[in-house]
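# Geometric and topological summary
As a plain string of letters, each chain reads:
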Amino acid sequence: MTTVEGPAGSALQERLRHFRALLGPTPVTPVTLNIGGRPRTVHLKLEGHNLAGSVKARTAYGLVRGLLESGRLRPGDRLLESTSGNLGIALAMLARYLQIGFTAVVDPLVAPESLRRLSELGAEVVTVTERDASGGYLLSRLDRVAELLKENPRYVWTNQYGSPDNPAVHRELTGPELLGQLPESPDAVFAAISTGGTFAGVSRYFREHSPTTEMVAVDIEGSVAFRGRPGRRHLSGIGASRPSAFLDDSLVDHLQVADIRSAAHYCRLVLREAGLHIGASAGAVLAGCARYLETHPEAELVVCLCADGGEKYAGTVYNDHWLRSIGVAPPGGDAAGSALSGSAILSGVG
Ligand SMILES: Cc1ncc(COP(=O)(O)O)c(C=O)c1O
């Protein structure tokens, strides 16, 4: 694969500034759901409305800005990233916007819709098929990234798992945007973790500007992103095969670990009750929030960061056949829902 000759460094910086103007603000809306047999209002920040359809538009911007400003990305270089889908789509869009090349290293969990979008945006797609020792694909993808970097000196790795520019951009953009959209300091903020960058950045901002807010990280069964036990995972976006480089106890007040059934239940509940189509990780976040609300009857203003919309998940959490194919009983109606909100979340770590 040859690199794409593109604009000079100063032109790249200028284009990146224009890209920044396209990010957010994404809407925040209250929805009222039956949680534990009682109507509770939850505010949803809908990052599916962001450029490229997810919160990762912000991450892509932050990572590329950091590379450009430090001189590590130069004209003629090609971006490279290991991605479960959303960051890949955001980087593919940004690379096209900047008129530079992009290679995405993906795995079989990536939704067909995401692969289609990567191709439409002109990205080169490299798929790894070997699961790593912890049952996921992340470590295999990172091995492939290391090989590609060795083989191609003009490839530049954005490194979402390790770059401090990942959490930094969420502290700079996502945190203040969210707090500014709320009438007062929220009791709690919930967000999914994979690299942990979104959560870490938002949490750091809230620690400084809204210190009474409880920050609740939501992970998925089988993930080791933050203290979890490794196991097979079936969803992309939420969870990781290795611990987050960005999270520590100072940023996480509570951890909730959701399973696929509860994530599917809350995706469907929000669609049914509010007409909003949220992604699988957002369903998990809602499940974590519901569990928290059951033990925090006093909490009034709570916010769930919904990383993307539901369009890409028609074949997974919104699909009963898929759930059965991975050994998960599809969630039932409201009665099943109240049972789920009490039991299907595996653990809440205070
Ligand atoms: C759908 C979805 N939810 C949540 C996340 C978690 O984001 P982070 O990597 O910042 O922890 C991602 C990241 O790819 C995602 O795609």
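The protein chain carries the name Tryptophan synthase beta chain-like PALP domain-containing protein in an unreviewed UniProt entry, which gives Streptomyces roseochromogenus subsp. oscitans DS 12.976 as its organism. In UniProt, the protein chain has this text filed under Cofactor (unreviewed entry): "pyridoxal 5'-phosphate".

### Looking at the nonpolar core
Note on soluble globular proteins: their nonpolar side chains tend to be buried together. Val42, Leu44, Phe190, Ile278 and Leu286 are the most contacted members of the largest nonpolar core, which totals 43 residues. Elements with a minimum of two residues in this core: strand S1 (28-35), strand S2 (38-46), strand S7 (188-192), strand S8 (214-220), helix H8 (260-274), helix H9 (280-295), strand S10 (302-306) and helix H10 (320-325). Take this core: its biggest share by element is 10 residues, from H9. When residues no more than four places from it in sequence are discounted, the contact partners of Ile278 are Leu46, Tyr266, Cys267, Val270, Gly283, Leu286, Cys306, Asp308, Gly309, Gly310 and Tyr318.

### Points about the domain arrangement of the protein chain
As assigned here, the protein chain comprises domain 1 (13-51 + 164-349) and domain 2 (55-157). On a C-alpha basis, the centroid separation for the pair domain 1 and domain 2 is 23 Å. Each partner contributes to the interface: domain 1 provides 40 residues, whereas domain 2 provides 34 residues. The junction of domain 1 with domain 2 conceals about 3200 Å² of combined surface from both sides, 60% of it contributed by carbon and sulfur atoms. If you sort the residues of domain 1 by the area they bury against domain 2, Arg15, Leu16 and Phe19 come out on top, with a joint share of 20%. Between the two partners, domain 1 and domain 2, sit four salt bridges. Across the pair Arg58 and Glu47 runs a salt bridge, and its minimum N-O distance is 2.7 Å.

### Remarks on unusual backbone geometry
Cis peptide bonds are those with omega within 30 degrees of zero, and the linkage from Gly24 to Pro25 qualifies with -10°. Of note in this structure, Gln99 is not a glycine but carries a positive phi near 60°. Even without glycine at this site, Asn159 takes up a positive phi of about 55°. Mapped onto the secondary structure, Asn159 falls in the loop between strand S6 (155-157) and helix H6 (165-180).

### Topic: the sheet that holds strand S4 (residues 101-106)
Pairing in this open sheet of four strands is parallel, and the strands run S5-S4-S3-S6 from one edge to the other. Here the strands that pair on one side only, and so sit at the sheet edges, are strand S5 (124-127) and S6. Each adjacent strand pair in this sheet contributes to an overall mean axis angle of 25°, direction not counted. Two elements, strand S3 (residues 78-82) and S4, share five bridges in a ladder whose sense is parallel. Looking at the pairing, Leu80 lines up with Thr103 of S4.

### Observations regarding the site of the ligand
Contacts to the ligand come from 14 residues, most closely from Ser194, Thr195, Gly196, Thr198 and Ser281. Within the contact set of the ligand, an oxygen atom lies 2.9 Å away from a side-chain nitrogen or oxygen of Asn86. Within the complex, 97% of the 390 Å² of free accessible area of the ligand lies under protein. A per-class count over the shell around the ligand returns four nonpolar, eight polar and two charged.

### Some remarks on the packing of helix H2 (residues 56-69) against H6
Two numbers describe how H2 lies on H6: the axes approach to 8 Å, and their chain directions differ by 130°. Classified by the angle between their axes, H2 and H6 sit oblique to one another. Crossing of H2 against H6: the hand is right-handed. Side by side, H2 and H6 meet where Arg58, Thr59, Tyr61, Gly62, Leu63, Arg65 and Gly66 of the first sit next to Asp165, Asn166, Val169, His170, Glu172, Leu173, Thr174 and Glu177 of the second. Considering only residue class, the contact of H2 with H6 consists of four nonpolar, six polar and five charged.

Conventions we followed
Residues numbered from 1 in each chain as written. Predicted model: local features only at pLDDT ≥ 70, side-chain atom pairs only at ≥ 80, totals over all residues. Heavy atoms only, no water. UniProt positions renumbered as here; feature names shortened; annotations may be inferred. Core = buried A, V, L, I, M, F, W, Y, C linked by side-chain atoms within 4.5 Å. Buried < 20%, exposed > 50% of the residue type's maximum accessible area, 1.4 Å probe, protein only. Helix = DSSP H or I, 4+ residues; strand = E, 2+ residues; numbered from the N terminus. Contact = heavy atoms within 4.5 Å. Domains from an automatic or database assignment. Buried area = accessible area lost by both parts, 1.4 Å probe. Salt bridge = Lys/Arg side-chain N within 4 Å of Asp/Glu carboxyl O. Pairing = 2+ DSSP bridges. Axes fitted to C-alpha atoms, helices over the stretch in contact; angles between N-to-C directions. Near = heavy atom within 4 Å. Polar contact = N/O pair within 3.5 Å; in protein donor to acceptor, adjacent residues only side chain to side chain. Areas by Shrake-Rupley, 256 points an atom, 1.4 Å probe, with all protein chains shown as cover. Nonpolar A, V, L, I, M, F, W, Y, C, P; charged D, E, K, R; others polar. Parallel < 35°, antiparallel > 145°, perpendicular 65-115°, else oblique. Left-handed = near helix turned anticlockwise from the far one by under 90°.

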